[in-house]
Amino acid sequence: MKYLFSLFVFLSINFQVLNAQQSPEDFLGYEPGEQFSRHADVINYFEHVAENSSLVQYHTYGETYERRALTYAIISSEENLNNLESIRKNHLKNAGLLNGQNNTNNQKAIVWLSYNVHGNEASSTEAAMVTLYSLITENTDLLENSVVIIDPSVNPDGRDRYVNWYNQVKATPFNTAQAATEHHEPWPGGRPNHYLFDLNRDWAWATQKETRQRLKIYNQWMPHIHVDFHEQGINDPYYFAPAAEPFHEVITPFQREFQTKIGKNNAAYFDEEGWLFFTKERFDLLYPSYGDTYPTYLGAIGMTFEQAGHGRAGLGIETDEGEILTLKDRIAHHFTTGISTIEVASQNIQELNNEFKKFFSNNKDFEYQSYALSGNTDKIAAVKQLLDRHEIKYGYAENQRIKGYNYSSWQNETFNATEETLVVSSNQPKGKMVKVLFEPDTKLVDSLTYDITAWSIPYAYGLEAIASPRSISTANNSTEHKVENTAYPSGAGYISKWNSMQDARFLAALLKEDIRVRFSEVPFESEGRQFDRGSLIITKSDNLTTENFDEKVVEIANTYNRQLLTANSSFAGSGPDFGSPDVKLVNPERIAVLKGEDISSLNYGEIWHFFEQDLNYPVTRIDTDYFERINLSQFDVLIMPEGYYKNVFTEAILKDVTEWIRGGGKLIAIGEAAGYFSGRDDFQLNENEVKKPEDSTKTGNLVPYNQRERESIKNLITGSIVKTKVDNTHPMAFGYGDSYFSLKLNSDSYSLLEDGYNVAYIQDPEIVSGFAGSEAKKNLKNSVVFGEERLGSGSIIYLVDNPLFRSFWENGKLFFVNSLFFLNN
Ligand SMILES: [Zn+2]
C-alpha cells in the first residue's frame with residue numbers, strides 16, 4: 001500500500017519555505033496535542049490558511065447561542081475551486097435535487113468531515129487543523145478528484161466549555177493519574193451545546209440553532225460521505241465503520257459495502273502502526289437524528305469514528321491497561337481515518353456518483369407512497385416547518401377519499417381528505433428520509449440498539465394520519481391563514497381556543513404584559529359558538545387598569561396568529577358565565593427549576609430551552625448546592641428534572657418542600673424525579689407491582705453466558721410509542737382528545753394513583769411502535785403516565801414520561817404547559 005502520510009514526519013518539516021501558509025504548530029506556537037486550542041484560535045488558523053492558500057475557501061454559516069462562529073472550509077484543487085458552483089450544482093442534479101441535466105464529465109467525490117459535535121471529545125478539532133494542513137501540503141493529490149468540506153467544530157460552545165475548564169485546572173506538566181482533578185469534568189460537562197442538548201441526537205428534529213444553520217449548508221452540498229468524529233471511553237481504543245446491526249432497511253447494500261471498504265482502508269493504516277481498533281459493534285444505524293444515520297438516509301456513506309479519550313483524557317491519561325493515552329495519539333488516529341476516508345473516496349468517484357444517483361431515484365417500491373396528515377393547523381404548520389428545514393417537498397390533498405393505514409385505529413380505513421390535508425410523498429428524491437420519519441412502525445431487525453426505536457412524526461406531532469399505498473395527488477396552494485383581529489372595545493372581552501403550543505405562547509405573551517387571563521374548566525357556548533375546556537377568556541372587567549387593553553390584546557393575538565372571538569356579554573348561552581367559579585384566573589406563575597450535580601443535564605437543558613426558546617416565559621434556575629437556603633415561598637411552581645435526588649433532597653429539604661406544597665405550591669416531578677417520591681410517606685406514587693421472574697438462586701441461572709445481553713432485554717423498553725387513555729376533563733389535559741401517544745423511554749412503571757388524578761394512563765399496554773421487552777410491556781398494565789396528587793392546597797404533578805424529550809415530541813408539550821398554569825387556580 002502506498003504510504004500516504006506520517007503525522008510526525010510532516011509536523012517536523014517546515015513548509016514555510018514552500019508555502020506562505022503556516023503549519024498549526026508555527027501558527028499556534030505549540031505542537032498539535034501539546035495544548036487544547038480555544039475555538040477563536042481554531043477559527044484564526046483556518047482563516048490564516050484560507051487567506052494564504054488557493055486550495056481553501058472558508059465560510060461562516062452561523063453562530064451558536066453563545067455567539068461563537070460556526071464555520072466550514074472547502075478544500076479542493078485550484079481547478080475544482082474555480083468550478084465549484086458548477087460541481088455543486090451538477091452533484092445536486094445527479095441526485096434529482098436540482099432540475100436540469102448534469103455534466104457527467106466533471107464528477108467529484110464530496111467528503112464532509114464534521115469534528116467535535118460532542119464538545120468534550122476534544123481531540124477532533126485539533127485533528128481538523130492537522131488534516132487541513134496535510135491536505136494542502138503533502139496530500140494535494142487527493143484533491144484532484146475530491147471536494148473536502150471540514151467543519152472544525154460543530155459544537156463550539158460545548159468545546160470551549162471543556163477546553164477552558166481543562167486549561168484552568170490542568171497540572172504542568174499534565175498528570176496522567178486517573179484520580180487527578182483534570183480528568184474529572186464538573187457538571188454538566190462539555191459534551192452538549194449551550195442548552196445542554198446533545199447535537200448528535202438533533203439532526204432530524206433540528207430543535208437547536210446549530211443544527212438549523214448547518215442543515216442549510218448540508219442541503220447545499222449533500223456529500224457522498226459524511227464522517228462524524230467522536231471519542232469514547234479511555235479504554236476502548238478506536239471504532240470505525242462498518243457499523244453494527246440494526247441497520248435501517250432503507251440503507252442500501254452499496255452503503256454497507258462502501259462502509260466496509262473505508263473500514264478496511266482505515267484498518268490497513270492502523271495495522272501498519274500497530275494501533276488497536278474495533279468495527280461492527282455497538283454503534284448501529286437506526287435512530288435518524290445522528291451524524292451518521294441522517295446523512296445515510298440522504299444517500300451518503302454516514303459514519304461515526306470513535307477515538308479513546310473523551311472528557312476524561314486531557315493531555316494524557318493512564319488507561320486501565322497501563323498505557324499512556326495522549327492527546328497526540330488521539331489526534332494522529334483521527335487524522336489517519338480522515339485522510340484514509342478521503343483517499344478511498346477519491347479512488348471511487350464513478351461508483352460514488354452512480355450509486356448516489358440511484359439512491360435518490362429509487363423510491364417507488366415502498367409499502368407506503370404517501371402520508372396524509374390532518375388536524376390542528378398549528379401542528380400541521382409545525383410539521384411543515386420541520387419539512388422545510390430538511391427541504392422535503394409536500395403538498396395538499398384536494399377533496400378526495402384516501403384509503404390506507406390509519407395511525408390511530410391501526411387498520412386500513414378510508415379517510416376524507418380536504419385541501420388542508422398535508423401530503424408528504426415518499427416518491428420524491430428524499431423519499432427514503434420521508435419513509436424513515438413518517439412510517440408508522442420502524443422495522444427492527446435487532447432490538448439491541450443504541451437509542452430510541454420509535455419516532456414516527458404523526459404520533460410525535462399529535463396528528464391524524466393515513467399511510468397510503470398509492471400516490472396521492474396534491475395541489476400546492478398554500479392554506480396559510482394570516483389572522484387580522486381588530487379591537488372591540490364595546491364588548492365584554494375576547495375568547496381564544498386552547499389546542500397547541502402556539503396557543504400556549506400566546507398565553508405566555510399575555511401574562512408577560514400583565515394582562516389577566518381566565519380559562520374555562522368546562523365547555524361553554526357564547527353567542528352561538530361552542531368553546532371547549534381550556535379556552536382562554538380575556539375580559540375587560542379583569543383588565544380595567546390596563547392601558548390600551550384592547551389594542552394590546554389584539555396586537556399580541558395578531559403576532560401569534562390567534563383568532564380572537566369577541567363576546568358582547570359575559571353571559572354564556574350555556575355553560576358558565578365569565579364570572580363563574582368554573583372560569584378561573586390564570587396565575588402569572590413564578591417558576592423555578594433545579595439544576596446541578598445529580599440532576600440530568602439533558603432534561604434540565606430541555607426545560608431551560610423550553611422556557612427560553614419555545615414558550616418564551618421566564619424561569620428561575622436554582623442550583624442544587626444552595627437549594628436548601630432558598631425560601632420557596634417566592635415561587636409558585638418548582639420543577640424537578642430527571643435526576644438522582646437521594647443526595648439533593650435531604651430529609652430537611654423534603655420536609656420543607658412538602659410543607660410548601662401543602663401551602664399551595666405546585667411541584668412538577670419528571671421521570672426519575674417522580675420515582676424519588678415512590679413509596680414515601682405523604683405521597684401516593686408506588687412502583688407498579690413487578691412480576692419477578694422465578695428466583696434464580698433456587699433453580700440456578702440457566703441463561704447461557706453468551707445470551708446474557710439478549711436475556712436482559714426482556715425487561716427493557718428502548719423508546720417506544722405507547723397509547724394512553726386521557727381524562728380530558730382534567731385541566732392537565734385541556735386541548736387533548738381522549739387518547740394520547742406517549743414516548744416511553746424506559747421500563748419504569750407506577751401504579752394508578754388511588755386518591756389522585758390519573759390524567760394519562762395505561763390499562764392494557766398497546767405498543768404502537770418501537771421495542772418493548774415482553775416483561776416490561778406486561779408491567780405497564782394499569783400504570784399512570786401523567787398524574788396529579790393534591791396535597792393540602794397544593795399539588796404534586798408526576799410526569800412519568802418526559803414530554804420535553806429532545807424537544808421533538810411536540811404533542812406532549814401542552815401537558816407540561818397545562819401543569820404550569822391550569823392547576824390549583
Ligand atoms: Zn461523541
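Residues numbered from 1 in each chain as written. Predicted model: local features only at pLDDT ≥ 70, side-chain atom pairs only at ≥ 80, totals over all residues. Heavy atoms only, no water.

### Considerations on the sheet that holds strand β6 (residues 238–239)
Within a sheet, each strand pairs with its neighbour through backbone hydrogen bonds, oriented either parallel or antiparallel.
Piece 1. Judged by pairing direction, the sheet is mixed, and its 7 strands sit side by side in the order β1-β2-β4-β3-β5-β9-β6 without closing on themselves. The sheet terminates laterally at β1 (56–63) and β6, the two strands that pair on one side only.
Piece 2. One ladder, built from 5 bridges, connects strand β3 (residues 109–115) with strand β5 (residues 225–232); its direction is parallel. Bridge assignment links Trp 112 to a residue of β5, and that residue is His 226.
Piece 3. Along the sheet, helix α6 (residues 123–136) contacts β1, β2 (69–75), β3, β4 (146–151), β5 and β9 (301–308); its crossing angle with β3, the most-contacted strand, is approximately 145°.
Piece 4. This element, helix α8 (residues 209–221), spans β1, β2, β3, β4 and β5 of the sheet and lies at about 140° to β1. (Pairing = 2+ DSSP bridges. Helix = DSSP H or I, 4+ residues; strand = E, 2+ residues; numbered from the N terminus. Contact = heavy atoms within 4.5 Å. Axes fitted to C-alpha atoms, helices over the stretch in contact; angles between N-to-C directions.)

### Regarding the coordination of the zinc ion
Tetrahedral coordination by four donors sets the ideal angle at the metal to 109.5 degrees; octahedral coordination by six donors sets it to 90 or 180 degrees.
Piece 1. Coordination sphere of the zinc ion, protein contribution only: His 118 (ND1), Glu 121 (OE), Glu 121 (OE) and His 230 (ND1), at 2.0 to 2.5 Å.
Piece 2. Of note is the zinc ion, whose 4 donor atoms meet at the metal with angles of 57 to 156° in an arrangement that counts as irregular.
Piece 3. Summarised as a motif, the one-chain spacing of the donors to the zinc ion is H-x2-E-x108-H. Placement of His 118 in the loop between β3 and α6 and of His 230 in strand β5 is noted, with a sequence separation of 112 residues between them. Accessibility assignment for this pair places His 118 and His 230 in one class, buried. (Donors = N, O, S within 2.8 Å, 3.2 Å for Na, K, Ca; no water. Tetrahedral: all angles 85-135°; square planar, octahedral: opposite > 155°, others 65-115°. Buried < 20%, exposed > 50% of the residue type's maximum accessible area, 1.4 Å probe, protein only.)

### Points about the side chain of Ser 468
Piece 1. By the secondary structure assignment, Ser 468 is in strand β17 (residues 464–468).
Piece 2. Polar side-chain contacts of Ser 468 include one of 2.9 Å to the backbone oxygen of Arg 470.
Piece 3. If sequence neighbours within four positions are ignored, Ser 468 has contacts with Tyr 368, Gln 369, Ser 370, Ile 402, Lys 403 and Gly 404. (Polar contact = N/O pair within 3.5 Å; in protein donor to acceptor, adjacent residues only side chain to side chain.)

### Some words on the layout of surface pockets
Rolled over the atoms, a probe sized like a water molecule indicates the empty space that remains.
Piece 1. As a volume, the second largest pocket reaches approximately 460 Å³.
Piece 2. Of the residues assigned to the lining of the second largest pocket, the class counts are 7 nonpolar, 6 polar and 7 charged. (1 Å grid on protein atoms, 1.4 Å probe; cavity = no way out; pocket = protein on both sides within 12 Å on 5 of 7 lines; lining within 4 Å. Points joined across faces, edges and corners; volume = space filled by probe spheres on them. Nonpolar A, V, L, I, M, F, W, Y, C, P; charged D, E, K, R; others polar.)

### Regarding the pattern of salt bridges
Piece 1. Scanning the model with the defined rule gives 39 salt bridges in all.
Piece 2. For Arg 590, the salt bridge goes to Asp 636, with nearest N and O atoms at 3.0 Å. Separated by 46 residues along the polypeptide, Arg 590 in the loop between β25 (583–585) and β26 (591–595) and Asp 636 in the loop between β27 (620–623) and β28 (637–640) bring together distant segments of the chain.
Piece 3. Salt-bridge contacts for Asp 682 lead to Arg 662; the nearest nitrogen and oxygen are separated by 3.4 Å. Within this pair, whereas Asp 682 is found in the loop between α20 (672–677) and α21 (696–699), its partner Arg 662 is found in helix α19 (residues 651–662), the two being separated by 20 residues in sequence.
Piece 4. Judged by relative accessible area, which is 38%, Arg 662 ranks as partly exposed. (Salt bridge = Lys/Arg side-chain N within 4 Å of Asp/Glu carboxyl O.)

### Let's talk about the side chain of Lys 170
Piece 1. Note on placement: Lys 170 falls in the loop between α7 (156–169) and α8.
Piece 2. Buried within the structure, Lys 170 lacks any salt-bridge partner; Glu 182 is the closest side chain of opposite charge, at an N-O distance of 6.7 Å.
Piece 3. Ignoring sequence-local partners within four residues, the contact set of Lys 170 consists of Gln 35, Glu 182 and Leu 315. (Lys, Arg positive; Asp, Glu negative; His and termini not counted.)

### Quick word on the confidence of the model for the protein chain
Piece 1. With 94% of its residues at a pLDDT of 70 or more, the protein chain has an overall mean of 93.
Piece 2. Scored below 50 in pLDDT, residues 7–18 makes 19 contacts in the model with residues more than four places away or belonging to other chains. (pLDDT = per-residue confidence, 0-100.)

### Here we look at the packing of aromatic side chains
Piece 1. Within this structure, the stated rule accounts for 64 aromatic pairs.
Piece 2. For the ring pair Trp 205 and Phe 808, a centre distance of 4.2 Å and an interplane angle of 15° mean the geometry is stacked. Taken together, the residues span a long stretch of sequence, with Trp 205 in the loop between α7 and α8 and Phe 808 in the loop between β35 (794–799) and α24 (813–821) at a distance of 603 residues.
Piece 3. For Trp 205, a relative accessible area of 4% puts it in the buried group.
Piece 4. Between the aromatic rings of Phe 677 and Phe 683, the centroid separation amounts to 4.7 Å while the plane-to-plane angle is 55°, which identifies the pairing as tilted. An identical accessibility class is assigned to Phe 677 and Phe 683; each is buried.
Piece 5. Put simply, the rings of Tyr 115, Phe 229, Tyr 238, Phe 240, Phe 270, Trp 275, Phe 277 and Phe 305 touch in pairs and so form one group of aromatic residues.
Piece 6. Sitting over the ring of Phe 359, Lys 432 keeps its end group 4.2 Å from the ring centre. (Phe/Tyr/Trp six-rings, centres within 6.5 Å; stacked < 30°, edge-to-face > 60°. Lys NZ or Arg CZ within 6 Å of the ring centre and 35° of its normal.)

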